[in-house]
Number of protein chains: 2
Amino acid sequence: MDGLNPELMRGSLELMVLSVLSDGSKYGYLIQQRLKDASDELVDLKAGTLYPILHKLETKKMVRCRWDDSTGRRRKWYELTAAGKKQLKVRVDEWQAYVECLRRVLGPLADPSPMPA
Amino acid sequence: MDGLNPELMRGSLELMVLSVLSDGSKYGYLIQQRLKDASDELVDLKAGTLYPILHKLETKKMVRCRWDDSTGRRRKWYELTAAGKKQLKVRVDEWQAYVECLRRVLGPLADPSPMPA
DNA sequence: GCCGATATATCGCTCAGCGATGTATCGTCA
DNA sequence: TGACGATACATCGCTGAGCGATATATCGGC
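Described below are features of the structure shown in this document. Remember, it's a predicted structure, so these values are computed and weren't measured experimentally. (Residues numbered from 1 in each chain as written. Chains lettered and ligands numbered in written order. Predicted model: local features only at pLDDT ≥ 70, side-chain atom pairs only at ≥ 80, totals over all residues. Heavy atoms only, no water.)

Moving on, we come to the protein's contact with DNA strand C. Inspection of the region around DNA strand C gives 26 residues, with A:Tyr29, A:Arg75, B:Gly11, B:Gly48 and B:Arg73 positioned closest. Sugar and phosphate atoms represent 71% of those atoms of DNA strand C found within 4 Å of the protein. Within the contact set of DNA strand C, a phosphate oxygen lies 3.3 Å away from a backbone nitrogen or oxygen of A:Gly28. At 3.2 Å, a backbone N or O of B:Gly48 approaches a base nitrogen of DNA strand C. Breaking the surface near DNA strand C down by element, the ones donating at least two residues are helix 3 (28-38), helix 4 (47-59) and strand 3 (75-80) of chain A together with helix 4 (47-59) of chain B. Broken down by element, the surface near DNA strand C gets its largest block of residues, five residues, from helix 4 of chain A. In the surface near DNA strand C, the residues fall into 10 nonpolar, seven polar and nine charged. (Near = heavy atom within 4 Å. Polar contact = N/O pair within 3.5 Å; in protein donor to acceptor, adjacent residues only side chain to side chain. Helix = DSSP H or I, 4+ residues; strand = E, 2+ residues; numbered from the N terminus. Nonpolar A, V, L, I, M, F, W, Y, C, P; charged D, E, K, R; others polar.)

What follows concerns the protein's contact with DNA strand D. Taken together, 26 residues sit near DNA strand D, with A:Gly11, A:Gly48, A:Arg73, B:Tyr29 and B:Arg75 positioned nearest. Of all atoms in DNA strand D that approach within 4 Å of the protein, 72% are sugar or phosphate atoms. A distance of 2.2 Å separates a base oxygen of DNA strand D from a polar side-chain atom of A:Arg73. Between DNA strand D and the protein, one listed contact pairs a phosphate oxygen with a backbone N or O atom of B:Gly28 at 3.2 Å. Within the residue set of the surface near DNA strand D, elements represented by two or more residues are helix 4 of chain A together with helix 3 (28-38), helix 4 and strand 3 (75-80) of chain B. By residue number, the principal contributor to the surface near DNA strand D is helix 4 of chain B, which donates four residues. Of the residues belonging to the surface near DNA strand D, the class tally is nine nonpolar, seven polar and 10 charged.

Moving on, we get to the sheet that holds strand 1 (residues 26-27) of chain B. Residues and elements named next belong to chain B. Judged by pairing direction, the sheet is antiparallel, and its three strands sit side by side in the order 1-3-2 without closing on themselves. Lying at the two open borders of the sheet, with one neighbouring strand each, are strand 1 and strand 2 (63-68). Across six bridges, the pairing between strand 2 and strand 3 is antiparallel. Along strand 3, the bridge assignment pairs Arg64 with Glu79. Set on the sheet, helix 2 (residues 13-21) makes contact with strand 1, strand 2 and strand 3; between it and strand 3 the angle comes to about 90°. (Pairing = 2+ DSSP bridges. Contact = heavy atoms within 4.5 Å. Axes fitted to C-alpha atoms, helices over the stretch in contact; angles between N-to-C directions.)

Right under this line is the structure:
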């Protein structure tokens, strides 16, 4: 995590990983890069965060994985399972509900208040 | 927390408490109720969560507080300090940035996809 | 040959949230 | 009157996410 409040990110990292995997299988390091790109450098998942997440997703059968040793670089490719895709939808819905809820709680504070005239 | 993913809420609870205090001073239990109301029952802060947050905000001088023993009910009223109001603005901005960032990361997934025709 | 980037893995710390528990008062209903 | 649920505040200790630190190994460029 970089420019964003790290406390806020807690809980949405798994969603982000699932999301990045939704447009095709990727290996860990690539996921990390894609996430950084997609977020304008704001989300920079540390290795100590990313890999445990991937292992957890694998245990829960949300992703399947396959080692590729054909190049010098050992790479572990991850792909969403059907359960993973379903889970992603659930997580996105949870996220939308959360945002909507916060909007309600924040009330007028949530509105982009322009410079006072 | 009730209908929402509790993992997601982590990190935004303090923001919510500050937010509820922004329209006037309140005591703990009242904050809890207001938050529940404002969120359509979705956010139900437990006492074991709320009071430590308030103590922390007090320690950080984000709120000032005053006991009211005039009624039988011992109540501790909390009020945002100037620093607290400033902090609230910062937190709201962080929240907006976070939401915007997630929208970018989720990409097409973030769009409300209607029933397929 | 050294260094930074690529690539994965694990251990252990920190800290937020919260369940459990404790205390005390109030209003209501039997 | 006594029981019970709501009001009102507090603290202890557990769980689990995130991550810093550390380890290992390969690759390309200078």
